[in-house]
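# Examining the three-dimensional arrangement
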Amino acid sequence: MSRKQKISLSEEELVLALRNREKIAIEALYDMYSSSLYGVISRIIIDTPTSEDVLQETFVKIWHSFSSYSTEKGRLFTWMINIARNLAIDKLRSKDFKNQNKNQELENNVTSIDEQINTIYKPELLGIKDLVETLKPEQKSILDLVYFKGYTHVEAAEELGIPLGTIKTRLRMAIQQLRKHFN
Amino acid sequence: METGILELYVLGDISPQEKLQVEEMVAKHPLIKAELEEIELSMELFAQENAIEPNEALRSRILNSVLTNFNDDSTFSTVANKIEDNVISLPAAKSSSFYKYAFAACLALLLASGVALISLYGKLQDSYTQIATLQTNNQHFANQVNFKEGELQVLRDTSFKFLKLQGTAHSPDAGLTVAWSPARKKVWIDLRSLKMPVNDSTHQYQLWALVGGKPVDLGVFDKTADSTDMKEMKSTALADAFAVTLEPKGGSVSPTMDQMMVVGKF
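What counts and what doesn't
Residues numbered from 1 in each chain as written. Chains lettered and ligands numbered in written order. Predicted model: local features only at pLDDT ≥ 70, side-chain atom pairs only at ≥ 80, totals over all residues. Helix = DSSP H or I, 4+ residues; strand = E, 2+ residues; numbered from the N terminus. Buried ≥ 20, exposed ≤ 12 C-beta atoms within 10 Å, placed from the backbone. Contact = placed C-beta atoms within 7 Å. Nonpolar A, V, L, I, M, F, W, Y, C, P; charged D, E, K, R; others polar. Core = buried A, V, L, I, M, F, W, Y, C linked by C-beta atoms within 7 Å. pLDDT = per-residue confidence, 0-100. Pairing = 2+ DSSP bridges. Axes fitted to C-alpha atoms, helices over the stretch in contact; angles between N-to-C directions.

### Some details on the overall build of chain A
Within chain A, the secondary structure is distributed over 10 helices and 0 strands. Walking chain A from its N terminus toward its C terminus, one meets helices and strands in the order α-α-α-α-α-α-α-α-α-α. Relative to its 183 residues, chain A shows a buried fraction of 31%.

Given below as structure tokens:
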């Protein structure tokens, strides 16, 4: 906690600073969004060094292709989470990553399986408890697959064994629940 | 709006054409834009609720890589390095055992050559001793040959006269042969023909020449048990007679007449 106070700007100020390629812009961007973006990436890629690499690639790509973002298209975060999700899925499907997974040693698997199944109390997930009550379990699992893990609704339908129409309805219902919750 | 396309747009689960349609609609209708923003905001808050704080150290690493453009750092993954390390370590292990054997072989060779060197050195010393012995022998033979040549010269030279000295009343059995060349002024005696008792360590026999009635010293000689050589004495050009007396060791200036052993005249 030696680091100074996290930098926070309004979205308009941040977009302007990013356009002018100011140093403070990338620092503010990191402080404001790194944990949200890392939440998505680390749900797609469990291996920590790789998910950290993807977070780095995400910020590099945001910085270099910022000219392709415009406020007309929507909020900054929507644009950024799409970049993060796509990079993570690309990495997951890349040849390197698949080979790496094949060659994982038994010891590593034991620890990563431990990490996956254990139920350590995580303070960053503290707010979820309200949401779990807000969202029905089937709504939550669909949002999880599509929003965090980057499944298309077609893939989610196959995964959950539910008709495509039901998926779409449940997605809308879930998002409306969220809107109510946050308002 | 009721089809849920805005939700799919926010979720990123939409085709490029549909995406363009939504962006067009949003640009035209402020109401749709407001609806979209509300969906976006709630999803953004939902993501915040599910946020996971990355490692502290990651902040400076990522900010540095963005600001210095080293955006392909990630291609050098630590796993690739580990594999490379393994490959390198194999031949190193092989070569180390090779050098171990090579070193052992070198030591064995060194020991063997040391032993060979010591035995060769011993043989070399033996050879030196033999050579020294042979040289001494060679010298001895050369001397002997020279001496025999001198003897032969006396026998071949016709200017030499031989005189057999007869025993006196003091020692009737004594005898000695003398060779003399007046032209060459040389006198030899033949020790083989010497018939006299062996002299003790304080006395020696002395040869005299009588020249005009006076005795002239021609040197001393010894009688030993095995003396067989000829011996060259002091030179003289004139001699009427030769005689031998027994004198104290080293010889005397004038002969002791009662110790005269032999005498002979020309």
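### Quick notes on the overall build of chain B
Along chain B, the regular secondary structure elements total 5 helices and 8 strands. Helices (α) and strands (β) of chain B occur, in sequence order from the N terminus, as α-α-α-α-α-β-β-β-β-β-β-β-β. Put simply, chain B has 266 residues, and 19% of those count as buried.

### Some details on the interface of chain B and chain A
Each partner contributes residues to the interface: chain B has 41 residues there, and chain A has 46 residues. At the level of secondary structure, the elements contributing two or more residues to the side of chain B that touches chain A comprise α1 (5–11), α2 (16–28), α3 (30–49), α4 (57–67) and α5 (78–156) of chain B. Of the residues in the side of chain B that touches chain A, the class split is 20 nonpolar, 10 polar and 11 charged.

### Remarks on the nonpolar core
If you look at soluble globular proteins, the nonpolar side chains tend to sit buried side by side. Counting 51 residues, the largest nonpolar core has Leu 37, Ile 41, Met 80, Ala 84, Ile 142 and Val 146 of chain A as its most contacted members. With residues up to four places along the chain from it excluded, the contact list for Val 146 of chain A reads Tyr 151, His 153, Ala 156 and Leu 171 of chain A together with Leu 11 and Asp 13 of chain B.

### Considering unusual backbone geometry
Although it is not a glycine, Arg 21 of chain A adopts a positive phi angle of roughly 55 degrees. Considering the arrangement of structural elements, one finds Arg 21 of chain A in the loop between α1 (11–19) and α2 (23–44). In this structure, Lys 185 of chain B takes a positive phi of about 55 degrees despite not being glycine. Assessed through the 12 C-beta atoms surrounding it within 10 Å, Lys 185 of chain B is described here as exposed.

### Digging into the confidence of the model for chain B
Residue and element names in this part refer to chain B. Of all residues in chain B, 89% have pLDDT values of 70 or greater, and the mean over the chain is 83. Counted against residues more than four places away or in other chains, residues 70–84, with its pLDDT under 50, gives 9 contacts. Across the predicted assembly, pTM comes out at 0.49 and ipTM at 0.76.

### Structural notes on the sheet that holds strand β6 (residues 230–233) of chain B
Residue and element names in this part refer to chain B. Spatial ordering of the open sheet is given by β5-β4-β7-β8-β1-β2-β3-β6, a layout of 8 strands whose pairing is antiparallel. Both edges of this open sheet fall to β5 (214–221) and β6, since each of them pairs with a single strand only. Going from strand to strand, the sheet's axes swing by 30 degrees on average, the running direction of each strand aside. Pairing analysis gives 6 bridges linking strand β4 (residues 203–211) to β5, with the strands arranged antiparallel. Within β5, the position partnered with Trp 208 by the bridge is Asp 217.

### Digging into the pairing of strand β7 (residues 241–248) of chain B
All names here are of chain B. Burial of β7 is extensive: 6 of the 8 residues sit out of reach of the surface. As judged from the 8 bridges shared by β4 and β7, these two strands associate in the antiparallel manner. Looking at β7, one finds that Gln 204 is bridged to Glu 247. Bridge analysis of β7 against strand β8 (residues 260–265) gives 5 bridges, and the strand direction is antiparallel. Considered in β8, the bridge of Val 244 is made with Val 262.

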